[in-house]
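Remarks on the overall topology
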Amino acid sequence: VDLLDKSMTFSGRTQIWIVSLQQFMKAKIFGSGYISGSRYVMLTGIRGGTQPHNLMLALLVYTGILGLGVYSILLIFTLKQANNKMNSLSFICSAAIAANLLFGITSMNMFGQFHYAMMIILHYLSNYLFQK
């Protein structure tokens, strides 16, 4: 904190979340689109506040209710497609998705691409690889 002048404490995140909610309220349906990290720092007043620091808030800020809805439908559809027997590969993909959602509570997910890749792999495993 002292060296980089960043506040990564919970109080720093709550300030970032408050600003993120304010941004969401400005464009509820479609979101505001991408906001650069430097712009987010200006909005939050916190050097480490370069993004919403919450996966759901990020979806709401950047893509609005519409984007959160599309994401939720894709997530539910993907998890429903999981192999009912929960073979080891399906279990690993499902666990990775769940872990990333949990991690998303306090971060926008530095592993975001990995998260979406797991959704695609789980869908593939469930619909193509293990179909008999």
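So, how was this worked out
Residues numbered from 1 in each chain as written. Predicted model: local features only at pLDDT ≥ 70, side-chain atom pairs only at ≥ 80, totals over all residues. Heavy atoms only, no water. Helix = DSSP H or I, 4+ residues; strand = E, 2+ residues; numbered from the N terminus. Phe/Tyr/Trp six-rings, centres within 6.5 Å; stacked < 30°, edge-to-face > 60°. Buried < 20%, exposed > 50% of the residue type's maximum accessible area, 1.4 Å probe, protein only. Contact = heavy atoms within 4.5 Å. Polar contact = N/O pair within 3.5 Å; in protein donor to acceptor, adjacent residues only side chain to side chain. 1 Å grid on protein atoms, 1.4 Å probe; cavity = no way out; pocket = protein on both sides within 12 Å on 5 of 7 lines; lining within 4 Å. Points joined across faces, edges and corners; volume = space filled by probe spheres on them. Core = buried A, V, L, I, M, F, W, Y, C linked by side-chain atoms within 4.5 Å. Axes fitted to C-alpha atoms, helices over the stretch in contact; angles between N-to-C directions. Parallel < 35°, antiparallel > 145°, perpendicular 65-115°, else oblique. Left-handed = near helix turned anticlockwise from the far one by under 90°. Nonpolar A, V, L, I, M, F, W, Y, C, P; charged D, E, K, R; others polar. Patch = residues over 30% accessible without salt bridge, like charges linked within 9 Å, V, L, I, M, F, W, Y side chains within 5 Å. Areas by Shrake-Rupley, 256 points an atom, 1.4 Å probe, with all protein chains shown as cover. Salt bridge = Lys/Arg side-chain N within 4 Å of Asp/Glu carboxyl O.

**Some details on the environment of F77**
Mapped onto the fold, F77 is located in helix α3 (residues 55–80). Distance in space between the C-alpha atoms of F77 and M119 is 9.6 Å, their sequence separation being 42 residues.

**Quick notes on the packing of aromatic side chains**
With the rule as written, the count across this model stands at two aromatic pairs. Taking the centre distance of 6.2 Å and the plane angle of 90° together, the rings of Y71 and Y116 count as edge-to-face. Note that Y71 is positioned in helix α3 and Y116 in helix α5 (residues 112–129), a separation of 45 residues in sequence.

**Quick notes on the environment of H115**
Along the polypeptide, H115 turns up in helix α5. For H115, a relative accessible area of 1% translates into the label buried. When the C-alpha positions of H115 and A98 are compared, they lie 9.2 Å apart, and in sequence the two are 17 residues distant. Residues in contact with H115, not counting those within four places in the same chain, are Y71, I97, N100 and L101. At a separation of 2.6 Å, a polar atom in the side chain of H115 contacts the side chain of Y71. A polar contact is formed between the side chain of H115 and the side chain of N100, at a distance of 3.2 Å.

**A word on the layout of surface pockets**
Here the largest pocket is characterised by a volume of approximately 160 Å³. Looking at the lining of the largest pocket, the elements that each hand over two or more residues are α3 and α5. Broken down by element, the lining of the largest pocket gets its largest block of residues, six residues, from α3.

**Points about the nonpolar core**
In a soluble, globular protein the nonpolar side chains are often hidden away together inside. Within the largest apolar cluster, twelve residues are counted, these being L55, L59, Y71, L75, A82, C93, A96, I97, M118, M119, L122 and L125. Of all the secondary structure elements, the ones that give two or more residues to this core are α3, α4 (88–103) and α5. Membership of the second largest hydrophobic core comes to seven residues, among which are F24, Y40, A58 and Y62.

**Some details on the packing of α3 against α4**
Where α3 meets α4, the closest approach of the two axes is 14 Å, and the angle between their N-to-C directions is 160°. It follows from the interaxial angle that α3 and α4 lie roughly antiparallel. Here the hand of the crossing between α3 and α4 comes out left-handed. When α3 is examined against α4, the residues L55, M56, Y71, L75 and L79 are found in contact with a partner set consisting of S94, I97 and L101. Residues that form the contact of α3 with α4 fall into these classes: seven nonpolar, one polar and no charged.

**Some points on a nonpolar patch on the surface**
Nonpolar side chains collect at one region of the surface, where I29, F30, I65, L66, V70 and L74 lie side by side and expose about 600 Å² of accessible area between them. Within the secondary structure layout, I29 lies in the loop between α1 (10–26) and α2 (37–44).

**Re the side chain of T78**
Here T78 shows up in helix α3. A distance of 2.7 Å separates the side chain of T78 from the backbone oxygen of L74, its partner in a polar contact. Discounting residues that sit within four places of it in the chain, T78 has contacts with M119, L122 and H123.

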